[in-house]
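What the coordinates show
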Amino acid sequence: MTKVPSKTLQQQFKTTNYVGLAMMASVFLYAVIVLAIDKGYIPYKAQPGANIGTFTNIKYILLVLAILQYFAINFFQKFSFKSVAYLPPGAIITFALCEAVSIYGLVVFFLTGKSNDFFIFMGLSLLYFYLFYPKYANWEKLLDQEYSTNQTT
């Protein structure tokens, strides 16, 4: 196997970075939507009524799922980032898993009408983006490891 040129790796990282930033920006777009609904600029308001207990249970289930997602992302990255070929798709899947947490918050907001619920999930989502966002130095290190392994075989 030949070594992937550094320029190619840089371009892949750059493209992946743009996708990640766009997905992170969508979390802020969700926040704008939540605030617009909450302030009455968009005519929608959840009416939980008698189902408030059910919606509260759903909120806590999604919160537990969001916390478990941390471990899922960590587990996924350990197995998907073993080869340079899997770096861009693995990073995009990681971004999707990070963004999914904010979508849970959006669902909870639509059910309960409480914007604070959304912002809890948004905070977790942004924390996951921060923790799991790819670093170019790690990509280069993997490239060098893969190249050195192929040179010895």
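Details of the structure are given in the entry above.
Residues numbered from 1 in each chain as written. Predicted model: local features only at pLDDT ≥ 70, side-chain atom pairs only at ≥ 80, totals over all residues. Heavy atoms only, no water.

Some points on the pattern of salt bridges
Any two side chains of opposite charge can pair, given that their charged atoms come close. The condition that has to hold: By salt bridge we mean one thing: a side-chain nitrogen of Lys or Arg within 4 Å of a carboxyl oxygen of Asp or Glu. Runs of E in the DSSP output that reach at least two residues are strands. Runs of H or I that reach at least four are helices, and both are numbered from the N terminus. Buried means the residue's accessible area, taken with a 1.4 Å probe over protein chains only, is under 20% of the maximum for its type, while exposed means over 50%, and partly exposed covers the values in between.
Under the criterion given, the structure shown has 1 salt bridge. Residue K59 is joined to D117 by a salt bridge in which the shortest nitrogen-to-oxygen separation is 3.4 Å. One end of the pair, K59, is in helix 2 (residues 52-80); the other, D117, is in helix 4 (residues 115-132), with 58 residues separating them in the sequence. Under the relative-accessibility criterion, K59 is labelled buried at 16%. A relative accessible area of 6% places D117 in the buried class.

Re the packing of helix 1 (residues 6-38) against helix 4
The following threshold applies: Axes here refer to lines fitted to C-alpha atoms; in helices the fit is confined to the stretch in contact. Angles between the N-to-C directions go from 0 to 180 degrees. Roughly parallel means an angle under 35 degrees; roughly antiparallel means over 145; roughly perpendicular covers 65 to 115; every other angle is labelled oblique. Any pair of residues with heavy atoms lying within 4.5 Å of one another is described as a contacting pair. Classification used: nonpolar for Ala, Val, Leu, Ile, Met, Phe, Trp, Tyr, Cys and Pro, charged for Asp, Glu, Lys and Arg, polar for all others including Gly.
Where helix 1 meets helix 4, the closest approach of the two axes is 11 Å, and the angle between their N-to-C directions is 170°. As far as their axial angle goes, helix 4 and helix 1 are roughly antiparallel. Listed contacts from helix 4 to G20, M23, M24, V27, F28, Y30, A31, V34, L35 and D38 of helix 1 are S115, F118, F119, M122, S125, L126 and F129. In the contact of helix 1 with helix 4, the residues fall into 13 nonpolar, 3 polar and 1 charged.

Some details on the environment of T15
With respect to the helices, strands and loops of the structure, T15 is situated in helix 1. Separated by 73 residues in the primary sequence, T15 and P88 have C-alpha atoms spaced 8.5 Å apart.

Quick look at the layout of surface pockets
To be explicit about the condition: The way it works is a 1 Å grid over only the protein atoms, where trapped points that fit a 1.4 Å probe form a cavity and open points with protein on both sides within 12 Å along at least five of seven lines form a pocket, and then any residue with an atom within 4 Å of a point lines it. Grid points are joined across faces, edges and corners, and a volume is the space filled by probe spheres set on the points.
Approximately 250 Å³ is the volume attributed to the largest pocket. Elements represented by at least two residues in the lining of the largest pocket include exactly helix 4 and helix 5 (136-152). Among the elements that make up the lining of the largest pocket, the one with the highest residue count is helix 5 (5 residues). Residue composition of the lining of the largest pocket, grouped by class: 8 nonpolar, 3 polar and 2 charged.

A closer look at helix 1
Defined as follows: A helix is expected to span 1.5 Å for every residue after the first.
An ideal rise of 1.5 Å per residue puts 48 Å on 33 residues; helix 1 measures up with 48 Å between its terminal C-alpha atoms. Listed in full, the buried residues belonging to helix 1 are L9, F13, T16, G20, M23, S26, V27, Y30, A31, V34, A36 and I37. Residue G40 follows helix 1 closely and has a positive phi angle near 90°.

Thoughts on the packing of aromatic side chains
Rules: Working definition: a ring pair exists when centres of Phe, Tyr or Trp rings (six-membered ring for Trp) sit within 6.5 Å. Plane angles under 30 degrees give stacked, over 60 give edge-to-face, the rest tilted.
Evaluated as defined, the whole model comprises 11 aromatic pairs. Measuring from centroid to centroid gives 5.1 Å for Y70 and F71, while their planes differ by 90°, and the two rings are edge-to-face. Ring geometry for Y128 and F132: centres 6.3 Å apart, planes at 65°, overall edge-to-face. Taken together, the positions of Y128 and F132, both in helix 4 and 4 residues apart, correspond to about one turn of that helix.

In short, geometric facts, not functional conclusions.
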